[in-house]
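Listed below, chain by chain, are the residues.
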Amino acid sequence: MSDLDLLTQSLARNVKRWRNERGFTLDTLAARAGVSRGMLIQIEQARTNPSIGTVVKIGDALGVSVTTLLDYEQGPKVRIVPADQAVRLWHTDAGSYSRLLVGTEAPGPLEMWEWRLMPGEGSASDPHPAGTVELAHVTEGELTLTVDGADHVVPAGASVTFEANAPHRYGNTGTAPVEFVLTVSVPPVR
């Protein structure tokens, strides 16, 4: 079985599990996530590989991390994620990418990402639920973070935190690659 097949089956199992645990019908989850009921059915039956944006929306609506939705099985209290098992969820032909390094529920979803953006590239994100906070530390280059239409330049060695319940974008307007580590903390579903 390929890694993609394992992820598809894990996503199907975990979306259904967390939807049932939250007491959500398909219609309720669809409305909360802004995803069609048909897409949720396909996901729960492991018949589709949705975009990372769709997986993030479902995770936000369920109050669980992307890591939890893609986890093959619930592990022990200590979980080491080998470098070759970090999941690359977004990439471009020019070499930009994001990798989900690790995540947990504490008490809501908490994720750590590795990002690389090539010159001239960027990635936009829809607003997350109220109370979501993101922290980034730039290790190389200069990140242009746009939050609710306002640009903020974060140079190598600097860190930034922001409330992520507004549209935001990570961009590279420079001539060298940008690398940063990003942590996302989503409040638990109430």
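You'll find the structure just up there.
In what follows, the accompanying structure is described. (Residues numbered from 1 in each chain as written. Predicted model: local features only at pLDDT ≥ 70, side-chain atom pairs only at ≥ 80, totals over all residues. Heavy atoms only, no water.)

## Description of the pairing of strand S7 (residues 150-155)
Where strand S6 (residues 142-147) and S7 come together, 6 bridges link them in antiparallel fashion. Residue pairing across strands places Thr-146 opposite Asp-151, the latter belonging to S7. Connecting S6 to the next strand, S7, in antiparallel fashion are 2 residues, including Asp-148 with a positive phi near 50 degrees. (Pairing = 2+ DSSP bridges. Helix = DSSP H or I, 4+ residues; strand = E, 2+ residues; numbered from the N terminus.)

## What about the sheet that holds S6?
With antiparallel pairing, 4 strands are arranged side by side in an open sheet as S4-S9-S6-S7. Every other strand in the sheet has two partners, leaving strand S4 (122-125) and S7 as the edge strands with one partner each. Across the sheet, the axes of successive neighbouring strands diverge by a mean angle of 15 degrees, strand direction being ignored. (Axes fitted to C-alpha atoms, helices over the stretch in contact; angles between N-to-C directions.)

## Observations regarding the packing of aromatic side chains
All told, the structure shown has 4 aromatic pairs when counted by the stated rule. Ring geometry for Trp-90 against Trp-115: centres 5.3 Å apart, planes inclined by 45 degrees, an arrangement best described as tilted. Taken as a pair, Trp-90 in strand S1 (residues 87-91) and Trp-115 in strand S3 (residues 109-117) lie far apart in primary sequence, 25 residues in all. A single burial state applies to Trp-90 and to Trp-115, both of which are buried. With centroids separated by 5.7 Å and ring planes inclined at 5 degrees, the aromatic side chains of Trp-115 and Phe-180 adopt a geometry described as stacked. Here Trp-115, found in strand S3, pairs with Phe-180, found in strand S10 (residues 178-185); they are 65 residues apart in sequence, far enough to count as distant. Residue Trp-115 is classed as buried on the basis of its relative accessible area of 7%. (Phe/Tyr/Trp six-rings, centres within 6.5 Å; stacked < 30°, edge-to-face > 60°. Buried < 20%, exposed > 50% of the residue type's maximum accessible area, 1.4 Å probe, protein only.)

## Structural notes on the environment of Thr-25
Here Thr-25 shows up in the loop between helix H1 (3-22) and helix H2 (26-33). Taking the C-alpha atoms as reference points, Thr-25 and His-152, separated by 127 residues in sequence, lie 40 Å from one another. Side-chain polar atoms of Thr-25 contact the side chain of Thr-28, separated by 2.9 Å. (Polar contact = N/O pair within 3.5 Å; in protein donor to acceptor, adjacent residues only side chain to side chain.)

## Re the pattern of salt bridges
The tally for this structure, following the rule as stated, stands at 6 salt bridges. The salt bridge involving Asp-126 is made with Lys-57; its shortest N-O contact spans 3.8 Å. Separated by 69 residues along the polypeptide, Asp-126 in the loop between S4 and strand S5 (133-140) and Lys-57 in helix H4 (residues 52-62) bring together distant segments of the chain. Residue classification places Asp-126 among the partly exposed residues on the basis of a relative accessible area of 48%. Across the pair Arg-99 and Glu-114 runs a salt bridge whose closest N-O atoms are separated by 2.5 Å. Pair noted here: Arg-99 is in strand S2 (residues 97-105) and Glu-114 is in strand S3, with a separation of 15 residues, a long-range link. Since its relative accessible area comes to 21%, Arg-99 is described here as partly exposed. (Salt bridge = Lys/Arg side-chain N within 4 Å of Asp/Glu carboxyl O.)

Taken by themselves, the reported measurements are silent on function.
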